[in-house]
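The primary structure of each chain is shown beneath.
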Amino acid sequence: MKSAPVMAKVLSKLISKPDLIISSYAKRALTTAEFFAEEFNYSKDEIQIEEQLYMCSPQTILDLLKSLNNNLNTVLLFGHNPELTSFCNKINNHSIDNMPTCAMYGIKFETNSWNEIDFGKGKFGFFEYPKKHL
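Since the structure is predicted, the reported quantities are computational estimates derived from the model, not experimental observations. (Residues numbered from 1 in each chain as written. Predicted model: local features only at pLDDT ≥ 70, side-chain atom pairs only at ≥ 80, totals over all residues. Heavy atoms only, no water.)

Caption draft 1: Representation of the packing of helix H3 (residues 58-66) against helix H4 (residues 83-91) within the structure. With their axes 8 Å apart at the nearest point, H3 and H4 run at an angle of 70 degrees to one another. Here H3 is positioned roughly perpendicular relative to H4, judged by the angle of their axes. Regarding H3 and H4, the two cross each other, and that crossing is right-handed. Seen from H3, the contacting residues are Pro-58, Ile-61, Leu-62 and Leu-65; seen from H4, they are Glu-83, Leu-84, Ser-86, Phe-87, Lys-90 and Ile-91. The residue inventory of the contact of H3 with H4, partitioned by class, reads 7 nonpolar, 1 polar and 2 charged. (Axes fitted to C-alpha atoms, helices over the stretch in contact; angles between N-to-C directions. Helix = DSSP H or I, 4+ residues; strand = E, 2+ residues; numbered from the N terminus. Parallel < 35°, antiparallel > 145°, perpendicular 65-115°, else oblique. Left-handed = near helix turned anticlockwise from the far one by under 90°. Contact = heavy atoms within 4.5 Å. Nonpolar A, V, L, I, M, F, W, Y, C, P; charged D, E, K, R; others polar.)

In structure tokens form, the structure reads like this:
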């Protein structure tokens, strides 16, 4: 509750308004997504809730992203550990030990099609976490 508004402000300085916000249905993930939606003036009702993000594999996260519509450029994903840490470590060559609660990991893809993304093809953008900003 304390970290999410601060981290949402940090993110608003790093990226433009997201085209889509996706969240696990779990209360903490969804509540965090709502703080970010508010910061970006994104309707909370438009948050896409994905049950499959709860206790999933990195492959499930990749498959979800690969299924996105190509008119989406910036997507925020709210999920859980250890899956998110594993996903981030597989998607590019910038390894992290752990994604603390409310951490943010930015990834860029040099493609126009979500279907073309894959493990090892992401470009590291940023890694921000609450202890760095609180």
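Caption draft 2: Helix H2 (residues 27-39), seen in detail. Here H2 spans 19 Å end to end across 13 residues, near enough to the 18 Å set by a 1.5 Å rise per residue. Within H2, the full set of buried residues consists of Ala-29, Leu-30, Thr-32, Ala-33, Phe-36 and Ala-37. What you see down the axis of H2 is that its buried residues fit within an arc of 160 degrees, all on one side. Turned more than 90 degrees away from the buried face of H2, the exposed residues are Lys-27, Arg-28 and Glu-38. In the segment just after H2, Asn-41 is the residue with positive phi, at about 55 degrees. (Expected span 1.5 Å × (residues − 1). Buried < 20%, exposed > 50% of the residue type's maximum accessible area, 1.4 Å probe, protein only. Arc of directions from axis to C-beta.)

Caption draft 3: Looking closely at the pattern of salt bridges. Inspection of the entire model under this criterion finds 3 salt bridges. When the shortest N-O distance is used, the salt bridge between Lys-9 and Glu-39 registers 3.3 Å. Here Glu-39 lies in helix H2 and Lys-9 lies in helix H1 (residues 3-14), a separation of 30 residues in the sequence. A relative accessible area of 29% places Glu-39 in the partly exposed class. Note that Glu-38 and Lys-44 form a salt bridge whose closest N and O atoms lie 3.5 Å from each other. Given a relative accessible area of 40%, Lys-44 falls into the partly exposed group. (Salt bridge = Lys/Arg side-chain N within 4 Å of Asp/Glu carboxyl O.)

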